[in-house]
Amino acid sequence: MDQQMQADLTLLNGNIHGYDNQLNSLLIENGKIELVGPGSLLKSIPTKCSIDLNGKPVYPGFVASHDHFMMTCQIQDIINCRTIVNESFADYLHRLKGLIGTPEKGKWIKCRGLSDFKFKERRFPTIEELDELAPHNPLSILHSSLHSGAVNSLALKEFEIPPVSLNRGSENPDEIPRDSKGKATGTLHENAIMPFSFPSIQADFIAREEDERMALVQKGSSYFASHGYTTICDPLVSPGDLEQYVKADLCGAIDQKVFIFPDAESVEKLLSCGFITGFGSDKTIIGPAKIIADGAIGGQTAAIKEPYIGTDNYGILYYDQSELDNMATHLDESGYQIAIHAIGDRAVEQVVTAYEKVVDRQHGNVKRHRMEHGSVQKPDLIRKMADLDIPVAVQPHALVELGDGVIRSYGADRLPLFCPYRTLIEAGIKVSASADAPIFELSAIKGMAASIMRTTETGSDMTPDEALTPDQALAMYSVNGAYALGKESQFGVIRAGKDADLVVLSHHLSKMPVENWVQHIDVEMTIANGNIIYQRNI
C-alpha cells in the first residue's frame, strides 16, 4: 500500500479468525483487505475511518449458498402463518382467519407457511375446510417447502383446474390428487402449485411502481446484511427476476455480491446474447444455470428409492435420465456452471449420473457443477460425488424445522441417510450452507448451531454422529460457499488481497457452548466489499 494514501477503513483490536492474538487488526482499501497485522502498527497508518472492536471476533462474511433473495423481497406482503408443531387444524384455521381479516369479495387471499407434517392430524387441509374459511375469495396457502400447497374451490376455478374429473387426460395424478370419485382434494404439488406460487408472487411484485420495488429489494438486502451475509446466491431466477436484478444493480439497491442462477428460460435468453456464468458487474454476476430434478421432502415429493411410510408414494422426478443428461451436456458445452436441485436419493443418483457425463475425469470439475440440497444420500453416491468433486449446498436448519416431519414420513431407521454432513465432509466433499430463504430461518448462526446440535423442534435427535465441529460449520457459510462458486481465490477467508467481506460477532463461536449461540450471539457489523452495510452497536 502507498503510504501517502489513506486507507478506507481500519478495524483495530479485534480477534481475527485464523490469526493469533498479535495480529488483531485489519486495514481495508478499495474494497480489499490490504493488511492484517498488529494494531500497534496499523493504527499509525492514515485512514478515513477507524473502529475499535474491543476484542470482538471477526469472521469471513457469510455466503448464502442457496437463498431465493428476489422471492424473499417479493413475498414480504404475503400472509405468513407458519404451522406450530402439533397444532390442530381448528387452531391453525382460527389463527389464519384472524390474519386474513375481512377482505374484499373476490380478492385473492395468498398465504404461506403450511406444514402438513406438523399438524396434530398429519395431513393437508381439505378443500371443504378452505371453502368454509374463504367462501367468497380464491384462497391459496403455500406449503413451507414452496413445492406444494392447498387451495379452495374458487382458486381451482381461477386456474381452470376441474373440481371433479374422472378423465385426467394430461393431468398428473401425483401433482393434482383426487378422491375415488374424481374430486380434487385441494392439495397441489410441484407444477400444479406453481401458478399459485412463483409466477403469481412475481406478477404481483412487478405490478408495483419501480421505486416501490427497489425499496423492497433494498429492504431485503438490509435483512440479509443484518444476518452477516456478504454474498448471496439466488437459485432460480426467471426472466422477470433478471430484469429486477438489472434495475437493482443500476440503482445500487443491493449491497452484497449476488450470483444469480438463471432458470431454463433465462439461460436461453442470456445465451442468445452470449452471456454465460461469470458475466456481470462487480456485484451482480451470472452464476450456475439452475435445474430442478425432484420435489421436496417436506411435501413428500422428493424422489426416494423406498416409499414414504404408510404410502406407495416415491416422490416426483421432473425428468428421465436421458432428458437430464441432455440438459447438462447442453449447458456444459455452452459454458455454464450447473446447479441441480436434488433432495431424494433417486434424484441424487440422477444428478450424479448426469455429471459423470460432463465432468472430465482427467482435469476435474473445473466448472464446479454442483448439487443443491442433496438431502438423502447413500454411501455409493457419496463416493461418486467425492470422486467427481461435486460441491453440495445444504440447509442445516431443515434439521430443526423439518426434522420431526422427516422422522414421521421417512422413518427413524433411514435417518442416517438424511443430511449426513459429517460423512460428506470427511469424504472430501465441499459442503456449503444456506437457509433456502424464504423457507427456513435465515440466520447463519442458527444454521451453524443446527448442524452441530442436530435436534428437531421437539428435541428429537437427528443422527448425532453427523454433528459438525464449529470450524466445519463456519466453513460451510464461508470458504466452502466461495468454493462452490469457483471464487475461493476472491473471498471466503480473511487474507490480504481478498475481498473485504467480513462479519463481526458479539461473541466467539469457539468460546461459548453451542446451545447458547442462538440466544447470545448477535451480528454486530457486516462489511461487504469494504463498505459497512450493517452496524448494530459497536
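None of the values given here were measured: they were computed from a predicted structure. (Residues numbered from 1 in each chain as written. Predicted model: local features only at pLDDT ≥ 70, side-chain atom pairs only at ≥ 80, totals over all residues. Heavy atoms only, no water.)

Examining the nonpolar core
When a protein is soluble and globular, its nonpolar side chains tend to lie buried together.
Then, in step 1: With 114 residues, the main nonpolar core has Val217, Ile297, Tyr355, Met371, Met448 and Trp517 as its most contacted residues.
Then, in step 2: Among the elements that take part in this core, helix α11 (residues 345–356) stands out by supplying six residues, more than any other.
Then, in step 3: In contact with Met371, other than residues within four places in its own chain, are Ile340, Ala342, Val348, Val351, Val352, Gln377, Met385, Ile390, Pro391, Val392 and Ala393.
Then, in step 4: In this structure, Phe89, Leu93, Phe119 and Ala150 belong to the second largest nonpolar core, which totals 17 residues. (Core = buried A, V, L, I, M, F, W, Y, C linked by side-chain atoms within 4.5 Å. Buried < 20%, exposed > 50% of the residue type's maximum accessible area, 1.4 Å probe, protein only. Helix = DSSP H or I, 4+ residues; strand = E, 2+ residues; numbered from the N terminus. Contact = heavy atoms within 4.5 Å.)

Topic: the packing of α11 against helix α12 (residues 379–388)
Then, in step 1: Where α11 meets α12, the closest approach of the two axes is 10 Å, and the angle between their N-to-C directions is 30°. As far as their axial angle goes, α12 and α11 are roughly parallel. The two elements α11 and α12 cross, and the hand of that crossing is left-handed. Between α11 and α12, the contacting residues are Asp345, Val348, Glu349, Val352, Tyr355 and Glu356 on the first element and Leu381, Lys384, Met385 and Leu388 on the second.
Then, in step 2: Of the residues in the contact of α11 with α12, the class split is six nonpolar, no polar and four charged. (Axes fitted to C-alpha atoms, helices over the stretch in contact; angles between N-to-C directions. Parallel < 35°, antiparallel > 145°, perpendicular 65-115°, else oblique. Left-handed = near helix turned anticlockwise from the far one by under 90°. Nonpolar A, V, L, I, M, F, W, Y, C, P; charged D, E, K, R; others polar.)

Concerning the environment of Thr47
Then, in step 1: As for its position among the elements, Thr47 is in the loop between α1 (39–42) and β5 (50–52).
Then, in step 2: The spatial distance from the C-alpha of Thr47 to the C-alpha of Glu29 is 9.2 Å, given a sequence separation of 18 residues.
Then, in step 3: Dropping the residues within four chain positions of it, Thr47 is found in contact with Gln6, Ala7, Asp8, Leu9 and Thr10.

Quick look at the sheet that holds strand β18 (residues 370–373)
Then, in step 1: Read across the open sheet, the five strands follow the order β16-β17-β18-β19-β20; overall the sheet is parallel. Pairing within the sheet leaves two strands with one partner each, and these edge strands are β16 (289–292) and β20 (431–433). Pairs of neighbouring strands in the sheet enclose a mean axial angle of 25°, with direction left out of account.
Then, in step 2: Relative to β20, strand β19 (residues 392–394) runs parallel, the two being bridged by three bridges. Along β20, the bridge assignment pairs Val394 with Ala433. (Pairing = 2+ DSSP bridges.)

Considering the pairing of strand β10 (residues 139–143)
Then, in step 1: Across the five residues that make up β10, a large majority, five, are buried.
Then, in step 2: Assessed by its sense of winding, the connection that carries the chain from strand β9 (residues 109–114) through helix α4 (residues 127–133) to β10 is right-handed.
Then, in step 3: Relative to strand β11 (residues 148–151), β10 runs antiparallel, the two being bridged by three bridges. Along β11, the bridge assignment pairs Ile141 with Ala150.
Then, in step 4: Between β10 and β11, which pair antiparallel one after the other, the connecting turn spans four residues, and Leu146 there sits at a positive phi close to 65°. (Right-handed = clockwise from strand over helix to strand, strands pointing away.)

A closer look at the sheet that holds β10
Then, in step 1: Read from one edge of the open sheet, five strands run β8-β9-β10-β11-β12, paired in mixed fashion. Sheet topology places β8 (79–80) and β12 (187–189) at the edges, where each strand pairs with a single neighbour.
Then, in step 2: Here β11 pairs with β12 via three bridges, running antiparallel. Bridge assignment links Ser148 to a residue of β12, and that residue is His189.
Then, in step 3: Packing of helix α3 (residues 89–100) onto the sheet brings it into contact with β8, β9 and β10, and relative to β9 it is tilted by some 140°.

Thoughts on helix α9 (residues 264–272)
Then, in step 1: Restricting attention to buried positions, one finds in α9 the residues Ser266, Val267 and Leu270. Projection of α9 onto a plane perpendicular to its axis shows the buried side chains occupying an angular sector of 100°, all on one side. In α9, the exposed positions angled more than 90 degrees off the buried face are occupied by Ala264 and Ser272.
Then, in step 2: Among the structural elements, β13 (229–237), α8 (239–251), β14 (257–262), β15 (284–286), β16 and α10 (321–333) are those in contact with the buried residues of α9. (Arc of directions from axis to C-beta.)

As for the packing of helix α6 (residues 198–206) against α8
Then, in step 1: The contact between α6 and α8 brings their axes to 10 Å, and the two run at 40°. The orientation of α6 relative to α8 falls into the category oblique. You can see that α6 and α8 cross each other, and the crossing is left-handed. Mapping the contact onto sequence places Gln202, Phe205 and Ile206 in α6 and Gly240, Asp241 and Gln244 in α8.
Then, in step 2: In the contact of α6 with α8, the residues fall into two nonpolar, three polar and one charged.

Quick look at helix α7 (residues 210–225)
Then, in step 1: Here α7 is 16 residues long and its end C-alpha atoms lie 22 Å apart, about the 22 Å a rise of 1.5 Å per residue gives.
Then, in step 2: Within α7, the full set of buried residues consists of Arg213, Met214, Leu216, Val217, Gly220, Ser221, Phe224 and Ala225. (Expected span 1.5 Å × (residues − 1).)

Points about the pattern of salt bridges
Then, in step 1: By the definition in use, this model includes 25 salt bridges.
Then, in step 2: Residue Glu128 is joined to Lys183 by a salt bridge in which the shortest nitrogen-to-oxygen separation is 2.6 Å. Here Glu128, found in helix α4, pairs with Lys183, found in the loop between α5 (153–158) and β12; they are 55 residues apart in sequence, far enough to count as distant.
Then, in step 3: Of the residues examined, Glu128 reaches a relative accessible area of 41% and is grouped as partly exposed.
Then, in step 4: Under the relative-accessibility criterion, Lys183 is labelled partly exposed at 32%. (Salt bridge = Lys/Arg side-chain N within 4 Å of Asp/Glu carboxyl O.)

Digging into the packing of aromatic side chains
Then, in step 1: Tallied over the full model, the rule gives 12 aromatic pairs.
Then, in step 2: Joined through ring pairs, the aromatic side chains of Phe62, Phe69, Tyr223, Phe224, Tyr229, Tyr245 and Tyr477 make up one cluster.
Then, in step 3: The side chain of Lys430 reaches across the aromatic face of Tyr483, ending 4.8 Å from its centre. (Phe/Tyr/Trp six-rings, centres within 6.5 Å; stacked < 30°, edge-to-face > 60°. Lys NZ or Arg CZ within 6 Å of the ring centre and 35° of its normal.)

Description of the environment of Thr455
Then, in step 1: Considering the arrangement of structural elements, one finds Thr455 in the loop between α16 (444–453) and α17 (470–476).
Then, in step 2: Separated by 201 residues in the primary sequence, Thr455 and Ile254 have C-alpha atoms spaced 34 Å apart.
Then, in step 3: For Thr455, the residues in contact, after removing those within four places along its chain, are Leu399, Val400, Ser460 and Asp461.

Side note on unusual backbone geometry
Then, in step 1: In the segment running from Ala437 into Pro438, the intervening peptide bond is cis, with an omega of 10°.
Then, in step 2: Considering the arrangement of structural elements, one finds Pro438 in the loop between β20 and α16.
Then, in step 3: Positive phi outside glycine occurs at Leu146, with the angle close to 65°.
Then, in step 4: Within the secondary structure, Leu146 is located in the loop between β10 and β11.
Then, in step 5: Judged by its relative accessible area of 6%, Leu146 is buried.
Then, in step 6: Phi at Asn529 is positive, roughly 55°, even though this residue is not glycine.

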